[in-house]
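Next come the chains, spelled out residue by residue.
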Amino acid sequence: MMLLQVSWVRHRDIHLLTVGRYTYTSDQRFRAIHHPHTEDWSLQIKYPQHRDSGIYECQISTTPHMSHFVHLNVIEPSTEIIGAPDLYIESGSTINLTCVVKDSPEPPAYIFWNHNNAIISYDSPRGGVSVITEKGDTTTSFLLIQNARPSDSGQYTCNPSNAKSKSVTVHVLNGEYPAAMQRAGQPHHRTPLNHQLLVLASVLVSSWLCSIGMLRLPSLSGGRGHPKGVCSPQQPRKSFVSS
């Protein structure tokens, strides 16, 4: 019976990795595994990295030789908090933070939540704090804090066991609205309601005066005539009396 050799080749650099049970690379993360009395030959890669992604070829020393190609895709689990980096919550409402862990080969064994670098205790004297975790291909953890108060403001961090942590800054507003609210890194200005009503009333009065010819609005064109949308005083109509 002819003894066949099984080799593994990495296509990225056409590097011969193993022949039989012997390793031909200085990278000690690679090794061939063969269980006696079986026809299974495996290539093991410890601590895989993104650069290990690519095509690997299993060659069998037949004539002509036989090959089987394996495409390895190394992915890294990612963590996301919906609404980050800033969330604005009205005092007395419920804070609902949602942490999503994606691209994980298996669900995380646990997910810890921190508030200002301290682990959140779900049975603390504050009360009203709970967490719900749904595991699967995509794992989602919901942190619920009822009856939000200003002391609940701060940085909240989601810490999965098998992925990098992610943080969000929560601002609990006690009825006030800051002059410039930060939403996703962009300032958002809030105009008081009474000022909005005053501006609306001014526009309505100006439109009425313009329509009856009592108001002259400055020309925006810088030249003769008036641009579209700018009103000009109406000329008095001449009356003719027929004899």
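Counting starts from 1 at the beginning of each chain's written sequence and moves along it residue by residue. pLDDT decides what is reported in this predicted model: residues at 70 or higher carry local features, side-chain atom pairs at 80 or more are listed and counted, and totals for whole chains, interfaces and linings draw on all residues regardless. The side-chain numbers reported here are obtained from all heavy atoms of the structure, hydrogens and water having been left aside.

Caption draft 1: Structural detail: the sheet that holds strand β7 (residues 66-72). Taken in spatial order, the five strands line up as β3-β2-β1-β6-β7 in an open sheet, and their pairing is antiparallel. Two strands lie at the open edges of the sheet, namely β3 (22-23) and β7, each paired on one side alone. By the bridge criterion, two bridges tie strand β2 (residues 15-19) to β3 in an arrangement that is antiparallel. In the sheet register, Val 19 faces β3, and the bridge partner there is Tyr 22. Any two strands are treated as partners once DSSP identifies two or more bridges connecting them. Helix and strand definitions here come from DSSP, where helices need a minimum of 4 consecutive H or I residues and strands a minimum of 2 consecutive E residues; each element is numbered from the N-terminal end.

Caption draft 2: Looking closely at the pairing of β2. Pairing of strand β1 (residues 6-10) with β2, which is carried by four bridges, proceeds in the antiparallel orientation. Counted as the bridge partner of Ser 7 is Val 19 from β2. What sits between β2 and β3 in their antiparallel hairpin is a turn of two residues, with Gly 20 showing a positive phi close to 65°.

Caption draft 3: Fine view of the sheet that holds strand β14 (residues 139-145). Here we have four strands laid out as an open sheet, ordered β8-β10-β14-β13, and antiparallel in their pairing. The open sheet has two edge strands with one neighbour each: β8 (78-81) and β13 (129-134). Averaged over all neighbouring strand pairs, the angle between strand axes comes to 15°, with direction disregarded. When β8 meets strand β10 (residues 95-102), the two strands line up antiparallel, connected through four bridges. Paired with Ile 81 across the strands is Cys 99, a residue of β10. Under this scheme, a helix contributes an axis fitted over its contacting stretch, all axes are lines through C-alpha atoms, and angles between N-to-C directions fall in the 0 to 180 degree range.

Caption draft 4: Expanded view of the confidence of the model for the protein. Values of pLDDT, the confidence the predictor places in each residue, fall between 0 and 100. Across the protein, the average pLDDT comes to 79, with 71% of residues at 70 or higher. A low-confidence stretch, residues 179-243 (pLDDT under 50), is modelled with 39 contacts involving residues beyond four sequence positions or located in other chains. Pairs of residues are marked as contacts when any of their non-hydrogen atoms sit within 4.5 Å.

Caption draft 5: A look at the state of the cysteines. Cysteine sulfur atoms are paired as a disulfide whenever they come within 2.5 Å of each other. This structure, assessed with the given rule, holds one disulfide. Bridging Cys 99 to Cys 158, the disulfide has an S-S length of 2.0 Å. The chirality of the disulfide connecting Cys 99 with Cys 158 is left-handed, given an S-S dihedral of about -80°. Of the two residues, Cys 99 is situated in strand β10 and Cys 158 in strand β15 (residues 154-160); the sequence distance between them amounts to 59 residues. Buried means the residue's accessible area, taken with a 1.4 Å probe over protein chains only, is under 20% of the maximum for its type, while exposed means over 50%, and partly exposed covers the values in between. Judged by its relative accessible area of 0%, Cys 158 is buried.

Caption draft 6: Here's a closer look at the side chain of Arg 29. One can find Arg 29 in the loop between β3 and β4 (30-34). At 3.1 Å, the side chain of Arg 29 forms a polar contact with the backbone oxygen of Tyr 47. In contact with Arg 29, not counting residues within four places along its chain, are Gln 44, Ile 45, Lys 46, Tyr 47, Pro 48, Gln 49, Arg 51 and Asp 52. The term polar contact refers here to a pair of N or O atoms within 3.5 Å; inside protein, the definition further demands a hydrogen-donor-capable atom paired with an acceptor-capable atom, and it admits residues adjacent in sequence only when both atoms are side-chain atoms.

Caption draft 7: Region of the structure containing the pattern of salt bridges. Here a salt bridge means any side-chain nitrogen of Lys or Arg lying within 4 Å of a carboxyl oxygen belonging to Asp or Glu. Taken as a whole and assessed by the stated rule, the structure comprises six salt bridges. Taking the shortest distance from any N to any O, the salt bridge between Asp 52 and Arg 29 comes out at 2.7 Å. Placement of the pair is Asp 52 in the loop between β5 (41-45) and β6 (54-60) and Arg 29 in the loop between β3 and β4, with a sequence separation of 23 residues. Notably, a salt bridge pairs Asp 152 with Arg 126, separated by 2.7 Å at the nearest N-O pair. Residue Asp 152 is found in the loop between β14 and β15, and its partner Arg 126 is found in the loop between β12 (118-119) and β13; the two are separated by 26 residues along the sequence.

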